[in-house]
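As a plain string of letters, each chain reads:
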Amino acid sequence: MLSPPPPGEAPTLTDMVAKAVHIIYEMSRRQEVPTEVHSRILSTLRPSLGRTPATTAVAERPGSMWIASSPTTWSASMWINMLEAGHARSKEVTILNMIEWMGASEWYDAELEQAEKAPPPTKRGTPRKRLATVVLDKYLKEAPDTTRIFDTRRKRLNNILHRGRILRRLIQMTRLGILFDPDIWSYAKGSKENIDKIAAPFRADPQKMELLSILDEQVALLAKEGRPDLSRFFDSLESHAIIPSEEVPSLRAEHGLERVSWCLVWVLDTYTDATTGTGIGHVLGKHTLGDDDSIMVNGAAELSCGMFDRLRSRAWLNCWDIAAALEMTDRPVFVRLGLSVPLHKKDANGEVTPLSNPLRRWRKKIDDYKCEGQNDLEDPQVYICPLNINADHFTLLEINEQTKMIYHFDSMASHGIIHRKTKSTPVRRVVEEEFKYLSFGYTEVPTPQQRDGRSCGLMVIRNAKRRMIGLPVGSWDDEVDPDRVTKEVVGDCQTFLEDDALQPSPLSKKRKRIVEGLPNNVLKPSRSSKRLRVATEGS
């Protein structure tokens, strides 16, 4: 949270807008983490804290990498998401608590008014004048088992009631939206005498009061729906002319809320020079790379320079585009990625026929991983790879040793699968036949459905990324904006390239030297290998 302004210095309108946007953004994008996470972390910490390790049972939460794996193997993204979620959650709790305080103080003041109409007598029989303590003690005594902490509870409740009154008075002088002010906690702990001073800078500026009025809606949304709505906040800023209208689109794009296609084009235009052609050639100290050139990502997947043209034109992504995007994703060490596995082939006449034993090579690769034990980890592994169905649609397959389940994510699932009427599918039969030796269960996981016929590759990337960082994929009815996924893919590439991950290397070097012996997060240029492509696509 940003530091409060120095005493006597009123925040500017620009600062107020920026802080409000930041707070609402954090709250609106917060992802819940399983409640068992903290128990899992504590269990791992016990040895270093000088305590006997606790035995924590794995929760039966479908495919939760938070629960089924050791926290020491979580990725940086998982930790960052958890910490940011906790930060946003604390802000939400603060506002909701303050709403409770105001409600409690109003109720208590009403009780005092009622008591003043017929005040209880003192020991001398005269009407009692100071009723606050008497009324509060009366209700505390009615609560069971409070004798030992009576004074502590009275003090705490008095503080809450005082803060509730301060907040009510402050909101009466300004607007409910002031609860989103980063300094609201300091305001609540202030004295009655300071309320006028706190409210004065807001009341003196009509635009600041207008902004607080707009924030009223966000407080109401938080109380009613559990989340504010950043998009609606931007709409209100624009319609009330709080900030210049030309700044709103850039704010939307910055926070992933772009609504029109030009924002995506702008992002791609911004990044393309840095990530393709001249940009990569300059970093590598080589000539400009063309659409037929590519660079290797982690020595495992090719990032084609033509991928960005396909993203720009919203074209169908190929298996190499998907593989490259997934290789650039932060993930736990126990997650293994595989290249796309085609389940069907299309002949020259366009006829599609199923392949025989299409998953055999992927099974062999998994068996090799088990034998190698490269990481010497006790944690069971998670194997993720795309599937290509009917030669025109990508889905995602996950084999999870932690939960002993096989998960299939299909963004174009049939009506029967969505409504659980179809029990057996071609994918399920092929998967269970190849991996029956594992004795794992199989399930079609609820997955957001694509609204077009070309974004299946983007959906695979999006779903795999969320699985790898411990976030839920969503439900059948959730809507996913493919343009936003495109922006994330381009952003990942930009981050990867800017992270000192490029090393120059002559294009004439053999492919073997590129693929073997590369450190993590190192890219090297290479010419596309038709032989490697054919071999992989036939796996």
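Parameters at a glance
- Residues numbered from 1 in each chain as written.
- Predicted model: local features only at pLDDT ≥ 70, side-chain atom pairs only at ≥ 80, totals over all residues.
- Heavy atoms only, no water.
- Helix = DSSP H or I, 4+ residues; strand = E, 2+ residues; numbered from the N terminus.
- Contact = heavy atoms within 4.5 Å.
- Areas by Shrake-Rupley, 256 points an atom, 1.4 Å probe, with all protein chains shown as cover.
- Buried < 20%, exposed > 50% of the residue type's maximum accessible area, 1.4 Å probe, protein only.
- Pairing = 2+ DSSP bridges.
- Phe/Tyr/Trp six-rings, centres within 6.5 Å; stacked < 30°, edge-to-face > 60°.
- Lys NZ or Arg CZ within 6 Å of the ring centre and 35° of its normal.
- Arc of directions from axis to C-beta.
- Polar contact = N/O pair within 3.5 Å; in protein donor to acceptor, adjacent residues only side chain to side chain.
- Salt bridge = Lys/Arg side-chain N within 4 Å of Asp/Glu carboxyl O.
- Axes fitted to C-alpha atoms, helices over the stretch in contact; angles between N-to-C directions.
- Parallel < 35°, antiparallel > 145°, perpendicular 65-115°, else oblique.
- Left-handed = near helix turned anticlockwise from the far one by under 90°.
- Nonpolar A, V, L, I, M, F, W, Y, C, P; charged D, E, K, R; others polar.
- pLDDT = per-residue confidence, 0-100.
- Core = buried A, V, L, I, M, F, W, Y, C linked by side-chain atoms within 4.5 Å.

(A) Spotlight on the overall build of the protein chain. Secondary structure summary: the protein chain contains 22 helices and 11 strands in total. For the protein chain, long-range pairs separated by at least 24 residues make up 66% of all intrachain contacts whose partners lie at least 6 apart in sequence. Put simply, the protein chain shows about 28,300 Å² of open surface, and 51% of that area lies on carbon and sulfur atoms.

(B) How the structure looks around the pairing of strand β9 (residues 405-409). With 4 of 5 residues buried, β9 is to be regarded as a mostly interior element. Bridge count between strand β8 (residues 393-400) and β9: 5 bridges; the pairing is antiparallel. Following the sheet pairing, Glu398 is matched in β9 by Tyr407. Linking two consecutive strands that pair antiparallel, namely β8 and β9, is a turn of 4 residues; a positive phi of about 55 degrees is found at Lys404 within it. Bridge count between β9 and strand β10 (residues 441-444): 4 bridges; the pairing is parallel. Opposite Ile406, over in β10, you have Tyr442 as the bridge partner.

(C) Representation of the packing of aromatic side chains within the structure. Scanning the model with the defined rule gives 6 aromatic pairs in all. A centroid spacing of 5.7 Å and a plane angle of 50 degrees characterise the contact between Trp101 and Trp185, whose relative ring orientation is tilted. Separated by 84 residues along the polypeptide, Trp101 in helix α4 (residues 76-117) and Trp185 in helix α7 (residues 184-188) bring together distant segments of the chain. When its relative accessible area of 11% is taken as the criterion, Trp101 is described as buried. Three or more aromatic residues joined by ring pairs form one cluster here, namely Trp362, Tyr369 and Tyr383. Taking NZ or CZ as reference, Arg467 lies 5.1 Å from the ring centre of Tyr407, over its face.

(D) View of unusual backbone geometry. Residues other than glycine seldom take positive phi values, yet Ala241 does so here, at roughly 55 degrees. Not every positive phi belongs to a glycine, and Asn357 is a case in point at roughly 50 degrees. Here Asn357 lies in the loop between β6 (352-354) and α16 (360-372).

(E) Inspection of helix α10 (residues 230-239) at higher detail. For α10, the set of buried residues is Leu230, Phe233, Phe234, Ser236 and Leu237. Buried residues of α10, seen end-on, are gathered within an arc of 160 degrees and therefore sit on one face of the element. For α10, the secondary structure elements touched by its buried residues are α1 (13-28), α9 (206-225) and α11 (248-254). Looking at where α10 begins, the residue whose side-chain oxygen comes 3.0 Å from the main-chain nitrogen of Ser231 is Asp229. Of the residues one or two after α10, Ala241 is the one with positive phi, at around 55 degrees.

(F) Broad picture of the pattern of salt bridges. Across all of its chains, the model carries 17 salt bridges by this definition. Linking Asp452 and Arg454 is a salt bridge whose minimum nitrogen-to-oxygen distance equals 3.6 Å. By sharing partners, the salt bridges in this structure join Asp109, Arg165 and Arg168 into a single network.

(G) Molecular detail of the packing of helix α15 (residues 319-327) against helix α19 (residues 456-468). Between α15 and α19, the least distance of the axes is 10 Å, while the angle of their chain directions is 25 degrees. By the criterion of interaxial angle, the relationship of α15 to α19 is roughly parallel. For the pair α15 and α19, the sense of crossing is right-handed. Touching Ile322, Ala325 and Leu326 of α15 are Gly457, Val460, Ile461, Ala464 and Met468, all from α19. The class makeup of the residues in the contact of α15 with α19 is 7 nonpolar, 1 polar and no charged.

(H) Highlighting the confidence of the model for the protein chain. Here the protein chain averages 76 in pLDDT, while 67% of its residues score no lower than 70. Low confidence marks residues 259-268, where pLDDT is under 50. Its contacts with residues over four positions away, or in another chain, come to 14 contacts. Confidence drops under pLDDT 50 across residues 500-539; counting only partners more than four residues distant or on other chains, this segment forms 86 contacts.

(I) Main features of the pairing of strand β7 (residues 382-389). In terms of residue burial, β7 counts as a mostly covered element, since 8 of its 8 residues are buried. Along β7, one buried face is formed by Val382, Ile384, Pro386 and Asn388 and the opposite face, lined by Tyr383, Cys385, Leu387 and Ile389, is buried too. Across 3 bridges, the pairing between strand β3 (residues 335-337) and β7 is parallel. If you follow Leu337 over to β7, its bridge partner there is Ile384.

(J) Quick look at the environment of Glu238. Among the secondary structure elements, Glu238 is positioned in helix α10. Distance from Glu238 to Val248, taken between C-alpha atoms, is 6.8 Å for residues 10 residues apart in sequence.

(K) Main features of the packing of α9 against α10. One way to put it is that α9 packs onto α10 with a least axis distance of 10 Å and a crossing angle of 160 degrees. Comparing their axes, α10 and α9 come out roughly antiparallel. Crossing hand, α9 versus α10: right-handed. Residues Leu211, Ile214, Leu215, Glu217, Gln218 and Leu221 of α9 lie in contact with α10, whose contacting residues are Arg232, Phe233, Ser236 and Leu237. Of the residues assigned to the contact of α9 with α10, the class counts are 6 nonpolar, 2 polar and 2 charged.

(L) Just the side chain of Asp216, in detail. Mapped onto the elements of the fold, Asp216 is located in helix α9. Judged by relative accessible area, Asp216 falls into the buried class, the value being 15%. A polar contact of 2.6 Å, which involves the side chain of Asp216, links it to the backbone nitrogen of Gly177. With near-sequence residues (within four places) excluded, Asp216 lies in contact with Arg175, Leu176 and Gly177.

(M) Examining the nonpolar core more closely. Judged by nonpolar contacts, the single largest core of 42 residues is most densely connected at Leu179 and Phe233. Within the residue set of this core, elements represented by two or more residues are α1, α4, α6 (150-173), α7, α8 (195-203), α9, α10 and α11. With 8 residues, α1 is the largest single contributor of residues to this core. Once residues within four sequence positions are removed from consideration, Leu179 is found in contact with Ile95, Met98, Ile99, Met102, Leu167, Ile171, Ile184 and Val219. In terms of nonpolar packing, the next biggest core, distinct from the first, is built from 33 residues, Phe308, Tyr407, Ile461 and Val489 among them.

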